[in-house]
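Examination of the molecular architecture
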Amino acid sequence: MTLLEELRQSIEDGHPGETEKLVETALAQQVDPMRIVEEAMMPAMRTMGERYKNQDADIPRILAAARCIRSGFALIEKEDASFEEHNIGTVIVGTVEGDLHDVGKNLVALMFRSAGFRVIDLGVDISEKQFLKAVRETPEVQIVCISSLLSTALPEMKQVVKTLRRNDPEKKYKIMVGGGAVTRQLAESMGADAYTENCVEAAEVAKTFIV
């Protein structure tokens, strides 16, 4: 088994400590960071995503793999300052005001990163003003991904979408929504460009928005 194959396996097995060691070894051996991402990290998360969709992997296993990816990316970005130049697009993600849940949002952010996006994670309990400020400060943003697990936060999500739409009449960026409280019908009524049920689908749909 090659080094990158070992790395991919460690991610699928959910061993962040081993993943870090293998990434460090690969970087020490002058393996191109993009090869590490494209030949080990992305395939591993794609595999885990497929397993999740097929109900062959549960949330704890997906989270373990995501932690491995996060650890690996941190090392690569620290080692290679030019790594961000390879990103295919910029995404802003956040959970709306009134909702402190972050597991789903974190999974989506990590899946975006593994797909090659630069991710600006605003965190949780984010107001419409904070979303708007982030968009205005990031003119290169192509996708805004808004999450909510709580039905009580849906009015805030609707308001965020409305505000972002008003701010972007030329539709320079796409708006994606998701989370336990959201349905496709609700997303359409809000005026969002896309709704996805899980983190794997979110990354796949996001890639279709990149020209």
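Residues numbered from 1 in each chain as written. Predicted model: local features only at pLDDT ≥ 70, side-chain atom pairs only at ≥ 80, totals over all residues. Heavy atoms only, no water.

Comments concerning the overall build of the protein
A count of helical and extended segments in the protein gives nine helices and five strands. Start at the N end of the protein and walk to the C end: the helices and strands fall as α-α-α-α-β-α-β-α-β-α-β-α-β-α. In terms of overall size, the protein behaves like a compact globule, its C-alpha atoms giving a radius of gyration of 17 Å where 211 residues would be expected to give roughly 17 Å. Once the C-alpha set of the protein is aligned to its principal axes, its extents read approximately 50 × 35 × 25 Å. Among the 211 residues that make up the protein, the fraction classed as buried is 50%. Counting contacts in the protein only where the partners sit at least 6 residues apart, residues at least 24 apart contribute 70% of the total. Carbon and sulfur atoms make up 47% of the accessible area of the protein, which totals about 10,500 Å². For the protein, the separation between the mean place of its 25 positive charges and that of its 34 negative charges on side chains is 6 Å. (Helix = DSSP H or I, 4+ residues; strand = E, 2+ residues; numbered from the N terminus. Rg over C-alpha atoms; globule rule 2.2 N^0.38 Å. Buried < 20%, exposed > 50% of the residue type's maximum accessible area, 1.4 Å probe, protein only. Contact = heavy atoms within 4.5 Å. Areas by Shrake-Rupley, 256 points an atom, 1.4 Å probe, with all protein chains shown as cover. Lys, Arg positive; Asp, Glu negative; His and termini not counted. Charge placed at Lys NZ, Arg CZ, Asp CG, Glu CD.)

Let's talk about the pairing of strand E4 (residues 174–178)
With four of five residues buried, E4 is to be regarded as a mostly interior element. As defined by bridge partners, strand E3 (residues 143–147) adjoins E4 across five bridges and the pair is classed as parallel. By the bridge assignment, Ser147 is partnered in E4 with Gly178. Once the chain exits E3 it traverses helix H7 (residues 154–167) before rejoining the sheet at E4, and the crossover so formed is right-handed. (Pairing = 2+ DSSP bridges. Right-handed = clockwise from strand over helix to strand, strands pointing away.)

Let's talk about the sheet that holds strand E1 (residues 89–95)
Ordered by their spatial adjacency, five strands build an open sheet running E2-E1-E3-E4-E5, and the pairing between neighbours is parallel. Strands at the two margins of the open sheet, each flanked by one partner only, are strand E2 (117–121) and strand E5 (194–195). In this fold helix H5 (residues 103–114) packs onto E1, E2, E3 and E4, with an angle of close to 155 degrees to the strand it touches most, E2. (Axes fitted to C-alpha atoms, helices over the stretch in contact; angles between N-to-C directions.)

As for the environment of Pro33
With respect to the helices and strands, Pro33 occurs in helix H3 (residues 33–53). In the structure, Pro33 is positioned 139 residues away from Lys172 in sequence and 30 Å away in space, judged by C-alpha atoms.

Here's the deal with helix H9 (residues 199–208)
Listed as buried for H9 are Cys199, Val200, Ala202, Ala203, Val205 and Ala206. Against H3, H5, E2, E3, E4 and E5 lie the buried residues of H9.

Brief notes about a negative patch on the surface
On the surface, Glu5, Glu6, Asp13 and Glu18 cluster together into a negatively charged patch. At three residues, the largest contribution of residues to the negative patch is made by helix H1 (residues 3–13). Along the chain, Glu5 falls in helix H1. Residue Glu5 is classed as partly exposed on the basis of its relative accessible area, which comes to 43%. (Patch = residues over 30% accessible without salt bridge, like charges linked within 9 Å, V, L, I, M, F, W, Y side chains within 5 Å. Salt bridge = Lys/Arg side-chain N within 4 Å of Asp/Glu carboxyl O.)

Some details on the layout of surface pockets
Gaps between atoms show up when a probe of the same size as a water molecule is rolled over them. If you add up the space inside the largest pocket, you get close to 470 Å³. In terms of lining, the largest pocket is formed by 30 residues, of which the most central are Gly104, Lys105, Val108, Ser147 and Gly179. Only helix H4 (59–79), E1, H5, E3, E4 and H9 provide two or more residues apiece to the lining of the largest pocket. Per element, the largest residue contribution to the lining of the largest pocket is five residues, and it comes from H5. When the residues that make up the lining of the largest pocket are grouped by side-chain class, the tally is 15 nonpolar, 11 polar and four charged. (1 Å grid on protein atoms, 1.4 Å probe; cavity = no way out; pocket = protein on both sides within 12 Å on 5 of 7 lines; lining within 4 Å. Points joined across faces, edges and corners; volume = space filled by probe spheres on them. Nonpolar A, V, L, I, M, F, W, Y, C, P; charged D, E, K, R; others polar.)

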